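# Notes for the structure review
As a plain string of letters, each chain reads:
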Amino acid sequence: MGNNKLFKSQQRTGWLMAAPATLLIFFFLVLPFLMAFGFSLTNQRIFSPNPTEFVGLHNFKNMLSVHFLTVEAEKDETGAFKLDNNGNYQFPKTRKFTRNNPDYPHLNKTREWMKFDVGKTKKFYVLARDLIFMKALTITILFVLITAPLQAGIALLLAMLINQPLRGINIYRTIYFMPVVISMVVVSVLWKFIYDGENGLLNALLHFFSVGYFEPVDWLGQTDTALGAIIAMSIWQGVGFHMIIWLAGLQTIPVDHYEVARLEGANKWQTFSYVTWPGLRNTAILVMVIITMQAFTLFPQVAVMTRGGPLDSTQSLVFQMVERGYGKQDIAGGSTISVFLFLFVLSISLFQRYITREKIHG
Amino acid sequence: MKNIKSILLMIFSTIFLSANIASAATTLSMWYHGAGNQTEKDLLMQIVNDFNNSQSDYAVEVQDFPQESYNDSVTAAALAGNLPDIIDVDGPIMPNWAWSGYLAPLSISQDVLDKMLPGAIGSWNGEVYSVGLWDAACAIYARKSDLEENGIRIPTLDNPWTKSEFDNILATLDSTGKYDYVFDVGMAWTGEWYAYAFGPMMQSFGGDLFDTSNGKADGMINGDAAIEFGEWWQSLMNNGYAPGTSQDGGDRETGFLDGKYALQLNGNWAAVPAIEQLGDDMLFLPSVDFGNGPKIGAASWQFGVSKSSKNQEGANAFIEFMLQDQYLAAFSDGIGLIPPTAQSAAMSEKYRPGGPLEVFFELSEAQATLRAVTPGYVVASKEFEKAIADISNGADVADALDAAADAIDADVAKNNGY
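Residues numbered from 1 in each chain as written. Chains lettered and ligands numbered in written order. Predicted model: local features only at pLDDT ≥ 70, side-chain atom pairs only at ≥ 80, totals over all residues.

### Quick look at the overall build of chain B
- Each helix and strand in chain B was counted, giving 17 helices and 13 strands.
- Against the 2.2 N^0.38 benchmark of 22 Å for 418 residues, chain B shows a C-alpha radius of gyration of 23 Å, consistent with a compact globule.
- When the backbone C-alpha atoms are referred to their principal axes, chain B occupies close to 70 × 50 × 50 Å.
- With 418 residues in all, chain B has 49% of them scored as buried.
- Counting contacts in chain B only where the partners sit at least 6 residues apart, residues at least 24 apart contribute 74% of the total. (Helix = DSSP H or I, 4+ residues; strand = E, 2+ residues; numbered from the N terminus. Rg over C-alpha atoms; globule rule 2.2 N^0.38 Å. Buried ≥ 20, exposed ≤ 12 C-beta atoms within 10 Å, placed from the backbone. Contact = placed C-beta atoms within 7 Å.)

Shown next as structure tokens:
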């Protein structure tokens, strides 16, 4: 009886203590998410004299719809294929099919996303209704696929480097950790100067070390270097944080395991793969899950450095979310992306959890 | 200790004084976008003080906002139902705010409005919603010596450069090899600059953001004239005449004065330092005629009255009070803006006949074209900016403009045609 009473009062205290955090989380995370979910099913604007209307899954359908089209090379009157001066087959522009063409009403206002050659005389097109979203989605996934393993790997390397009992090692720990403390917006502004096409630091350095052979590159202004530039800078900024998590993991591995390995005559690689890596298993899961989730929310770098350009080569889902919801005052459109991103990242995290689960050996 | 005392004294006296004013007259609250600019603030405060002293019914109180967050603040206040009596608004945004129900039509006497440049009056749906104390204008900055050296005709308002003439001029200047780029259009200034500065060029080709006959962008912003403009624009980049989207912000500010650029598209706000540095060599040239007349953007920041204001009469009285020539001239002298009436231009130091910036007043009078007057402008401007950036980076012109047309029309449809 007395125990039960004590338990109850303890429980009450517990809830009381959890209340501030719970309330904050409810009002600033749970509630906005529920609202976003609701808005994504309507045509809600930031402000409008028109009443909000329920539109069902229209926003999602519009955003995700993809069509296919196969086009044959152009023929002349005799039915022979037309060739241009270089002897290449000529294809009509997709614009002919996607702009008010009565024969292709389902393709109206779609845009070319990808094209493939089918033999020599045919082309196969993938058309998207919301091309910018599709690009933002693929680029964000690409960003995650490159950033996550690279950032985790470099962070582990750094963690092992600074996990040595050397004099002054704290200086290095501080240096590697420093970028993490600086806001991403500030880092982005600084790196924008570093990447500057004409008198940027990076170009100047490369010019110097190549003894003048290197031609300056407009890193953020070209479609083939812009995303790479953002990835490199993002890794530089985030690597210190994950280094610290790895370091914590490294320091939980008992020293006697290493002593045993040394007595057994293990070399460095064997020590790493049989002692260090197994000891870091849970840390590795944590780091991968965190990096993946963080990478999916790619935003300040893009907003400050490229605004999605050049030619949509650095679009990201979160950037589009803000651009639509706030820039174009289309809260419904922004909410639709955010709900999609939530479900997408959630399923990836669950998948990661599944493949890294503790397997029970028979 | 002494500091704290004086601060406390200041706080108390402010409270006491403002309470005093409030008891005597109805307070008119006013929001302004120019926080951080002391000259602008002083000018405005002088008008406010003059108004408050000139009558005893109303007392205006000003609150400043930084320009970057001003529009968001107004939106937030509108959502919360906290708009002030008087708000200032960027010209092309005004229809959106009027449509959204932030602004009430003004009741300013027609005599006053008749004297003003069209760019300083904000009308939508047949009503005047905002008026400006100034206008802005763009010109092509050039050095007289450069043009004369290369045998280039100096254009006039009546006889501006034509498209083919301009293409030849760019080629001529480019062949000198003296410049990094021959025509700086200011791609570094992302945002409203694109629609403000490049939109009129598209209009001069015969294109526009919207087809006024049916309110649709499709067929206009991606029509033949607009595509022709896009192709020409892309040729500027492909020929290496103009710096592209990754232009350095610093080069945009000083590139022309440093001699990196031969010609520069810029506004009157940059004219004073240019004259100071180049003196008589400095030319402000009218816009090129691409076939449908030379055009430049019109309308700057303007003042309006909020719909929720309980003191419509007082707010209108204050706005009319602001429109006195002496104040218009003072704003122009203080920050270099174009005075919006002929009388105030004559009174101003820089825009009076024979003044150094007189040409901008004439430009504004002769070439100024309003941006599309519709609540859909906010999105249309953004889509135009994206299309121009993509075209500059080598996108297919028709595809880029198609995309803009569809996005603009989709936005109009989402808002039930505005």
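### Some remarks on the overall build of chain A
- A count of helices and strands for chain A gives 14 helices and 3 strands.
- Its C-alpha radius of gyration of 27 Å places chain A more than 25% over the 21 Å reference for a compact globule of 362 residues.
- For the C-alpha atoms alone, the extent of chain A along its principal axes is close to 90 × 70 × 55 Å.
- For chain A, with 362 residues in total, the buried portion stands at 29%.
- Within chain A, contacts between residues separated by at least 24 positions form 60% of all contacts whose residues are at least 6 apart in sequence.

### A closer look at the confidence of the model for chain A
- The predicted model of chain A has a mean per-residue pLDDT of 88, with 98% of residues at 70 or higher.
- By mean pLDDT, helix α3 (residues 95–98) of chain A is the weakest element of chain A at 83, and helix α4 (residues 131–162) of chain A is the strongest at 93. (pLDDT = per-residue confidence, 0-100.)

### As for the interface of chain B and chain A
- Across the boundary between the two partners, chain B contributes 28 residues, which contact 25 residues of chain A.
- Elements with a contribution of two residues or more to the side of chain B that touches chain A: α3 (67–80), α4 (94–100), α16 (377–392) and α17 (397–414) of chain B.
- The biggest single contributor to the side of chain B that touches chain A is α17(B), with 7 residues.
- Looking at the side of chain B that touches chain A residue by residue, the class counts come to 9 nonpolar, 11 polar and 8 charged. (Nonpolar A, V, L, I, M, F, W, Y, C, P; charged D, E, K, R; others polar.)

### So, the domain arrangement of chain A
- By domain assignment, chain A separates into domain 1 (66–129) and domain 2 (132–329).
- Centre-to-centre separation of domain 1 of chain A and domain 2 of chain A, based on C-alpha positions: 41 Å. (Domains from an automatic or database assignment.)

### Some details on the nonpolar core
- In this structure, Phe360(B) and Ala404(B) are the most contacted members of the largest nonpolar core, which totals 124 residues.
- Of the residues forming this core, the biggest block, 9 residues, is contributed by α17(B).
- Looking at this core, you find at least three residues from each of domain 1 (2–134 + 300–369) and domain 2 (138–296 + 373–414) of chain B.
- Once residues within four sequence positions are removed from consideration, Ala404(B) is found in contact with Ile221(B), Glu383(B), Phe384(B), Lys386(B) and Ala387(B).
- Within the second largest apolar cluster, 47 residues are counted, among which are Ala136(A), Phe143(A), Ala152(A) and Ala229(A). (Core = buried A, V, L, I, M, F, W, Y, C linked by C-beta atoms within 7 Å.)

### Some words on the environment of Lys122(A)
- Checked against the element boundaries, Lys122(A) lands in strand β3 (residues 122–128).
- For the pair Lys122(A) and Gly309(A), spaced 187 residues apart in the sequence, the C-alpha separation amounts to 31 Å.

### Some words on unusual backbone geometry
All names here are of chain A.
- Of note, Leu311 is a non-glycine position whose phi angle comes to about 50 degrees, a positive value.
- Note on placement: Leu311 falls in the loop between α12 (300–305) and α13 (317–327).
- The backbone of Gln329 sits at a positive phi, close to 60 degrees, despite the residue not being glycine.
- As for its placement among the helices and strands, Gln329 is situated in the loop between α13 and α14 (331–355).

### Thoughts on the sheet that holds β3(A)
Residues and elements named next belong to chain A.
- Read across the sheet, 3 strands follow the order β1-β3-β2 without closing on themselves; strand pairing throughout is antiparallel. The open sheet is flanked by β1 (66–72) and β2 (111–118), the only strands paired with a single partner. Here the average twist between neighbouring strands, direction ignored, is 25 degrees. (Pairing = 2+ DSSP bridges. Axes fitted to C-alpha atoms, helices over the stretch in contact; angles between N-to-C directions.)

### Focus: the sheet that holds strand β7 (residues 138–143) of chain B
Residues and elements named next belong to chain B.
- Pairing is mixed in the open sheet, where 4 strands are placed in the order β8-β9-β7-β10. Strands with a single pairing partner mark the edges of an open sheet, and in this sheet they are β8 (181–184) and β10 (282–285). Averaged over all neighbouring strand pairs, the angle between strand axes comes to 20 degrees, with direction disregarded.
- Of the pairings in the sheet, the one linking β8 to strand β9 (residues 261–267) comprises 3 bridges and is parallel in character. Considered in β9, the bridge of Asp184 is made with Gln264.
- Where helix α11 (residues 271–278) meets the sheet, its contacts fall on β7 and β10, and the angle it forms with β10 comes to roughly 145 degrees.

### Topic: the environment of Tyr418(B)
Residues and elements named next belong to chain B.
- As for its position among the elements, Tyr418 is in the segment after α17.
- Taking the C-alpha atoms as reference points, Tyr418 and Thr374, 44 residues apart in sequence, are found 8.1 Å from one another.
- With sequence-adjacent residues up to four places away left out, Tyr418 is seen in contact with Trp99, Thr374, Pro375, Gly376 and Val412.

### A short note on the domain arrangement of chain B
Residues and elements named next belong to chain B.
- Split by domain assignment, chain B resolves into domain 1 (2–134 + 300–369) and domain 2 (138–296 + 373–414).
- The centre of domain 1, based on its C-alpha atoms, is set 30 Å off from the matching centre of domain 2.
- Taken residue by residue, the interface counts 18 residues in domain 1 and 21 residues in domain 2.
- Listed by contribution, the elements that provide at least two residues to the side of domain 1 that touches domain 2 are α4, α15 (358–367) and β13 (368–369).
- Looking at the side of domain 1 that touches domain 2, its residues break down into 13 nonpolar, 4 polar and 1 charged.

### Quick notes on the pairing of strand β5 (residues 121–124) of chain B
All names here are of chain B.
- With 4 bridges connecting them, β5 and strand β6 (residues 127–131) associate as antiparallel partners. Note on β6: the bridge partner recorded for Gly122 is Ser130.
- Hairpin connection, β5 to β6: the antiparallel pair is bridged by 2 residues, and Asn125 has positive phi, about 55 degrees.

### Things to note about the pairing of strand β3 (residues 86–90) of chain B
All names here are of chain B.
- In terms of burial, β3 is largely enclosed, as 5 of its 5 residues are buried.
- Of the two faces of β3, the one holding Ile86, Asp88 and Asp90 and the one holding Ile87 and Val89 are both buried throughout.
- Here 5 bridges tie β3 to strand β12 (residues 301–306), and the two strands are oriented antiparallel to one another. Bridged to Asp88 within β12 is Phe303.

### Considerations on the confidence of the model for chain B
- Across chain B, pLDDT averages 88, with 94% of residues at or above 70.
- This complex was scored by the predictor with a pTM of 0.84 and an ipTM of 0.81.

### Re the packing of helix α8 (residues 192–205) of chain B against α16(B)
All names here are of chain B.
- Contact geometry of α8 with α16 gives a least axis separation of 8 Å together with a crossing angle of 80 degrees. Between α8 and α16, the angle is such that the two are roughly perpendicular. Residues Glu192, Tyr194, Ala195, Phe198 and Gly199 of α8 form the contact with α16, whose own contacting residues are Ser381, Phe384, Glu385 and Ile388.
- Here the residues of the contact of α8 with α16 sort into 5 nonpolar, 2 polar and 2 charged. (Parallel < 35°, antiparallel > 145°, perpendicular 65-115°, else oblique.)

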